[in-house]
Amino acid sequence: NNISGKINILVIDDEDAIRFLLFDVLNDAGYSVEVASCGEEALEKAKHIPFEIVITDLKMPGMSGIEVMIKLKNLNSNICILVITGYPSIETAIEVMRQGAYDYITKPFNLEELRVIVKRAAEKQLLLREKEVYREMAITDALTNVYNRRYLPEVLLREINRAERYDHFLSLLMIDIDDFKLYNDIHGHLAGDEILRQIASLFRQCIRKVDFIFRYSGEEFVFLLPETGKEGAFVLAKRIRSVVEEAGFKYGERQLTVSIGLVVYPDDVPRGDELISKADEALYQAKRL
């Protein structure tokens, strides 16, 4: 049975014969396999490919297997490491497990045992994948594909703590589509849903990788902008307004627009937990004006 689900495996060994053997065995089992002859080459590959399982020799010239393991774990804490050792002992096993290895494989190889150990590691990684997919579904708004309101308190608390710790700004934009009920009344709810999808897509094009967008309510969105002061937040707010207006969505003869409330921690609010309420007040004022 191929339970790999295209699991990415990296094999690290300075011996050509072992690399080729493991490549053939694992490739035949349906895994996606890459090989490296030393720790440096392995780390370079790991920067570009999201390996889920790494099989590394313990004793290699240059960087040792344990050094490679520690550096790979720093790149991706979820990576599953299997260590190859020709010196099986209780001490070796304890040391590699203590450093974060999932299991170890002894040389010379028993190929059936090797397959079983790798299969067990692959099943663990597939469960982890599944868990991450379910979590992504739990924190994502199904209609717009941005984060949902339930996820906002968790991210907000984390970013407030980070802003406090490093003495950074944290900006929050609360955005509302103006008179969206009127759009739904004129064009219907299906057309309204499509507009929400398109606007969320426009929003995603405006932000950096470190920023967050949440669908806060029906037609309200919240942007959380780490390490962004008032000037940067204001530039983004103006860009968002322009992008929506340039998209040319209309209800009847009227142009679809957005209103935005902007607050910055700690300039506008002494406490991070007041960001939402202050942004709501700023949004209400923007609408009134």
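Before reading on, note that the structure itself is shown above.
We now turn to the structure provided with this report.

Reading the values: the criteria
- Residues numbered from 1 in each chain as written.
- Predicted model: local features only at pLDDT ≥ 70, side-chain atom pairs only at ≥ 80, totals over all residues.
- Heavy atoms only, no water.
- 1 Å grid on protein atoms, 1.4 Å probe; cavity = no way out; pocket = protein on both sides within 12 Å on 5 of 7 lines; lining within 4 Å.
- Points joined across faces, edges and corners; volume = space filled by probe spheres on them.
- Helix = DSSP H or I, 4+ residues; strand = E, 2+ residues; numbered from the N terminus.
- Nonpolar A, V, L, I, M, F, W, Y, C, P; charged D, E, K, R; others polar.
- Core = buried A, V, L, I, M, F, W, Y, C linked by side-chain atoms within 4.5 Å.
- Buried < 20%, exposed > 50% of the residue type's maximum accessible area, 1.4 Å probe, protein only.
- Contact = heavy atoms within 4.5 Å.
- Lys, Arg positive; Asp, Glu negative; His and termini not counted.
- Salt bridge = Lys/Arg side-chain N within 4 Å of Asp/Glu carboxyl O.
- Patch = residues over 30% accessible without salt bridge, like charges linked within 9 Å, V, L, I, M, F, W, Y side chains within 5 Å.
- Areas by Shrake-Rupley, 256 points an atom, 1.4 Å probe, with all protein chains shown as cover.
- Expected span 1.5 Å × (residues − 1).
- Phe/Tyr/Trp six-rings, centres within 6.5 Å; stacked < 30°, edge-to-face > 60°.
- Lys NZ or Arg CZ within 6 Å of the ring centre and 35° of its normal.

Further remarks concern the layout of surface pockets. Estimated volume of the largest pocket: approximately 170 Å³. Considering the residues around the largest pocket, the lining is formed by K230, F234, A237, K238, R241, I260 and L262. The set of elements that each furnish at least two residues to the lining of the largest pocket consists of α9 (230–247) and β12 (258–265). Examining the composition of the lining of the largest pocket, we find that five residues originate from one element, α9, more than from any other. Of the residues assigned to the lining of the largest pocket, the class counts are four nonpolar, no polar and three charged.

A separate point is the nonpolar core. In this structure, L173, F203, F223, I240 and L256 are the most contacted members of the largest nonpolar core, which totals 31 residues. If you list the elements that add at least two residues to this core, you get β7 (170–177), α7 (180–187), α8 (189–206), β9 (220–226), α9 and β12. It is α8 that provides the largest number of residues to this core, a total of seven residues. Once residues lying within four places of it in the same chain are set aside, the contact partners of I240 are L173, I175, F203, C206, F223, V258 and I260. Core analysis: the second largest hydrophobic core is formed by 22 residues, Y151, M174, V269 and L275 among them.

Turning to the side chain of D13, a few remarks are in order. Examined against the element boundaries, D13 turns out to sit in the loop between β1 (8–12) and α1 (16–28). Among buried Asp, Glu, Lys and Arg side chains, D13 stands out as unpaired, with K107 the closest opposite charge at 4.3 Å. Discounting chain neighbours no more than four positions away, the residues touching D13 are I18, R19, A36, S37, D57, M60, I84 and K107.

Side chains of V133, Y134 and M137 sit close together on the surface and give an oily, nonpolar patch of about 340 Å² of accessible area. Checked against the element boundaries, V133 lands in helix α5 (residues 111–139).

Our focus in this paragraph is unusual backbone geometry. Cis geometry is found at the peptide bond from K107 to P108, where omega equals -5°. Its place among the elements puts P108 in the loop between β5 (103–106) and α5. Omega for the peptide link from Y265 to P266 comes to 5°, which places this bond in the cis form. One non-glycine residue, D167, lies in positive phi territory at about 55°.

Turning our eyes to something else, we now look at the pattern of salt bridges. Under the counting rule described, the total for this entry stands at 22 salt bridges. The shortest N-O distance in the salt bridge between K45 and E34 comes to 3.2 Å. Of this pair, K45 sits in helix α2 (residues 39–46) while E34 is found in strand β2 (residues 32–36), placing the two residues 11 residues apart along the sequence. Look at K45 and you get partly exposed, because its relative accessible area is 22%. As a salt-bridge pair, K47 and E44 come within 3.6 Å of each other at their nearest N and O atoms. By relative accessible area, K47 is classed as exposed at 55%. One continuous salt-bridge network, built from bridges that share partners, spans R158, E159, R162 and E227.

Taking 1.5 Å of rise per residue, the 13 residues of α1 would be expected to cover 18 Å, and the 18 Å separating its terminal C-alpha atoms lies within 8% of that figure. On its buried face, α1 is in contact with β1, β2, β3 (53–57), β4 (80–85) and α5. Once α1 finishes, G30 follows within two positions and takes phi at roughly 100°, a positive value.

The next point concerns the packing of aromatic side chains. Applying the stated criterion across every chain yields a total of nine aromatic pairs. Summarising the aromatic geometry, the rings of Y147 and F214 are spaced 5.8 Å apart at their centres and angled 40° between planes, so their arrangement reads as tilted. Here Y147, found in strand β6 (residues 147–148), pairs with F214, found in strand β8 (residues 212–215); they are 67 residues apart in sequence, far enough to count as distant. A ring pair is formed by Y183 and Y251, whose centres lie 5.3 Å apart and whose planes are at 90°; its orientation type is edge-to-face. Here Y183, found in helix α7, pairs with Y251, found in strand β10 (residues 250–251); they are 68 residues apart in sequence, far enough to count as distant. Each of the two residues, Y183 as well as Y251, counts as buried. The structure contains a cluster of three or more aromatic residues connected by ring pairs, namely Y147, Y151, F212 and F214. Across the ring face of F20, the terminal group of R19 is positioned such that the distance to the ring centre comes to 5.8 Å.

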